[in-house]
Amino acid sequence: MNSSNSSSAELTAGQSKALISKITWRLVPLLFVCYIVAYIDRINIGFAKLQLQEVLGVDEKIFSSVYGLGAGLFFIGYFLFEVPSNLILQRVGARLWIARIMIVWGLVTMTTMFIGSTRSFYFIRFLLGAAEAGFYPGVILYLTYWFPARERARTIALFATGGVIAGIIGSPLSGAILGLHSKAGLDGWQWLFLLEGIPAILLGLVVLFVLPNRPGETSWITDSEKEWIQSRLDQEAAQSKGHAHFRLSEALSSKHIWLLCLIYFLLNVGGYGFEMWLPSIIKGFSGMSFTMVGFINAIPYIGAVVVMLITGYHSDRTGERRWHVAIAAITSAVGFACSAYLNNPYLAMVALTVAFLGLKSTVGPFWALATTFLGGTAAAGGIALINSVGNLGGFVGPTLVGVLTDRTGSIGTSLWFLGGALMLMALLVLTIQRSPHKL
């Protein structure tokens, strides 16, 4: 069969499956590694906190609040620059723009080693968020250029596991780097930002030379395969036209899109409220060395990888999204509640791990659900809007955990708060109608 003259309709089920597999293995591993580096640079502040109090010159009674605010300011910068970033990506192409994002955030991460006051701490966290803005939603948008809706939850879940692999790799790595304290005249936290900023710059250069913008620009898929991809995407756009497919202005004013923003906001309240504080929680109940704290911190991430992939696969196989998100969120809420109630630190750690597994399992089905509402320019702006507004939860979660911890003298109240956010998320997801065409 001459592939260049073959119609896209002539691809068999086996051929189409092989094509999706080929695209996945060509694109996702690189994006996956990039996300690992992005996530490490985003959450390594949780380990740096263990040495920052004296550096910032902050009284112990308010240090949790100061740290929580600084950790969360990342997401204010992220929020302000994310929608413009995604719109630029659509205009100039993913290859150039994702490379630009990575190189700049790598430089900012390395610059963090020079902070010496609360003001510089706040500023550099805001700047890091502004620099990284657009990476995650840009990749989500980029995947819609390649994967039909039916394959997206599994693909997004596969990519999103980079965030949990970052915890598996970054936790012991960050703990070990803190042990370099006083080497070559640098503190451990300074080595942390210096060494963990370099990979982003190097990977940004790789993306610049390797990542294709769209299927039509590639030489490793045939013309008939390109036609098949485009026909599937066009069919989905035609089916949703006038229903789920909004123009950008409609997407930005749609109550359904803002509901998705709120759902994602609550997810990130729980997620970052947990991740930014987990090293401190472990250090508090274990009293172990930085290196051991790093290894223990990796445990929830190891379990999350498996559960995320299983949930994404099952959601794609069944075509169901809402209940996959809701059940995972409820599981997370129960885990947080149990961890707040349990006095035994080891049982509490098990409960926190369950909370994290449930929380991370919502990601693939959620984005598969969200992207069915959007297409074209609306996809660029709408995905970025959901991610940017939702990521404000990354500001609220760590900040309120810090305030509640300072005021109550314990982390328990904060864990109840995080669990409540996930339970509300589950209830809101179930208010979404089953078919986006009815919205």
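What counts and what doesn't
- Residues numbered from 1 in each chain as written.
- Predicted model: local features only at pLDDT ≥ 70, side-chain atom pairs only at ≥ 80, totals over all residues.
- Heavy atoms only, no water.
- Helix = DSSP H or I, 4+ residues; strand = E, 2+ residues; numbered from the N terminus.
- Buried < 20%, exposed > 50% of the residue type's maximum accessible area, 1.4 Å probe, protein only.
- Contact = heavy atoms within 4.5 Å.
- Lys, Arg positive; Asp, Glu negative; His and termini not counted.
- Charge placed at Lys NZ, Arg CZ, Asp CG, Glu CD.
- Salt bridge = Lys/Arg side-chain N within 4 Å of Asp/Glu carboxyl O.
- pLDDT = per-residue confidence, 0-100.
- Core = buried A, V, L, I, M, F, W, Y, C linked by side-chain atoms within 4.5 Å.
- Phe/Tyr/Trp six-rings, centres within 6.5 Å; stacked < 30°, edge-to-face > 60°.
- Lys NZ or Arg CZ within 6 Å of the ring centre and 35° of its normal.
- Axes fitted to C-alpha atoms, helices over the stretch in contact; angles between N-to-C directions.
- Parallel < 35°, antiparallel > 145°, perpendicular 65-115°, else oblique.
- Left-handed = near helix turned anticlockwise from the far one by under 90°.
- Nonpolar A, V, L, I, M, F, W, Y, C, P; charged D, E, K, R; others polar.
- Patch = residues over 30% accessible without salt bridge, like charges linked within 9 Å, V, L, I, M, F, W, Y side chains within 5 Å.
- Areas by Shrake-Rupley, 256 points an atom, 1.4 Å probe, with all protein chains shown as cover.

**Here we look at the overall build of the protein**
On a plain count of helices and strands, the protein comes out with 20 helices and zero strands. The burial tally for the protein puts 58% of its 439 residues in the buried class. Pairs at least 24 residues apart make up 83% of the contacts formed inside the protein by residues separated by at least 6 positions. When the 29 basic and 21 acidic side-chain charges of the protein are each reduced to a single mean position, those positions are 4 Å apart.

**Regarding the side chain of Glu132**
Inspection of the secondary structure puts Glu132 in helix H5 (residues 118–132). Ignoring sequence-local partners within four residues, the contact set of Glu132 consists of Ala38, Arg42, Phe74, Tyr78, Ile101 and Trp105.

**Side note on the pattern of salt bridges**
One side chain can pair with another of opposite charge once the charged atoms of both are near each other. Applying the stated criterion across every chain yields a total of four salt bridges. Between Glu132 and Arg42 there is a salt bridge, with its nearest N and O atoms 2.3 Å apart. Pair noted here: Glu132 is in helix H5 and Arg42 is in helix H1 (residues 13–43), with a separation of 90 residues, a long-range link. In this structure Glu132 comes out as buried when scored by relative accessible area, which is 0%. With a shortest N-O distance of 3.0 Å, Arg321 and Asp316 are connected by a salt bridge.

**Quick notes on the side chain of Thr112**
One can find Thr112 in the loop between helix H4 (94–111) and H5. With near-sequence residues (within four places) excluded, Thr112 lies in contact with Ile124, Trp189 and Phe193.

**Considerations on the confidence of the model for the protein**
In the predicted model, the protein carries a mean pLDDT of 84, and 91% of its residues have values of at least 70. Model confidence for the protein, summarised as mean pLDDT per element, is weakest for helix H10 (residues 248–253) at 64 and strongest for H4 at 95. The model gives residues 1–9 a pLDDT under 50, and that stretch makes 15 contacts with residues more than four places away or in other chains.

**Quick word on the nonpolar core**
Within soluble globular proteins, side chains that are nonpolar generally end up buried alongside one another. Judged by nonpolar contacts, the single largest core of 130 residues is most densely connected at Trp105, Phe135, Tyr136 and Trp367. Here the element with the most residues in this core is H1; it accounts for 14 residues.

**Regarding unusual backbone geometry**
Backbone geometry at Ala184 places phi at a positive 55°, although glycine is not the residue there. Secondary-structure assignment places Ala184 in the loop between helix H7 (152–178) and helix H8 (188–210).

**Overview of helix H17 (residues 363–371)**
In an α-helix there are 3.6 residues to a turn, and that puts residues three or four apart on one side. Most of H17 sits inside the fold, with nine of its nine residues counted as buried. Within H17, the full set of buried residues consists of Val363, Gly364, Pro365, Phe366, Trp367, Ala368, Leu369, Ala370 and Thr371.

**What to know about the packing of aromatic side chains**
Taken as a whole and judged by the stated rule, the model has 25 aromatic pairs. With a centroid separation of 6.1 Å and 55° between ring planes, the pair formed by Tyr136 and Trp367 is classed as tilted. With Tyr136 in helix H6 (residues 135–144) and Trp367 in helix H17, this residue pair connects regions lying 231 residues apart in the sequence. The pair formed by Tyr136 and Trp367 is uniform in burial state, with each residue classed as buried. An angle of 70° between the planes, with centres 5.1 Å apart, marks the rings of Tyr264 and Trp367 as edge-to-face. A residue pair is termed long-range when its members are at least 10 positions apart, and Tyr264 in helix H11 (residues 255–275) and Trp367 in helix H17 qualify at 103 residues. The two residues Tyr264 and Trp367 agree in class, both being buried. The positively charged end of Lys49 is found above the aromatic ring belonging to Tyr67, 5.6 Å away from the centroid. The ring centre of Tyr145 lies 3.7 Å from the NZ or CZ of Arg214, which sits over that ring.

**Let's talk about the packing of H4 against H5**
In the contact formed by H4 and H5, the axes pass within 8 Å of each other and the chain directions differ by 165°. Compared by their axis directions, H4 and H5 come out roughly antiparallel. Here the hand of the crossing between H4 and H5 comes out left-handed. In this structure, H4 contributes Arg100, Ile101, Val104, Trp105, Val108, Thr109 and Thr111 to the contact, and H5 contributes Ile124, Leu127, Leu128, Ala131 and Glu132. Looking at the contact of H4 with H5 residue by residue, the classes come out as eight nonpolar, two polar and two charged.

**Here we look at a nonpolar patch on the surface**
Where nonpolar side chains cluster on the molecular surface, the patch consists of Leu180, Leu195, Ile198, Leu202, Leu205, Val206, Phe209 and Val210 and spans about 710 Å² of accessible area. Topologically, Val206 is positioned in helix H8. What makes Val206 partly exposed here is its relative accessible area of 37%.

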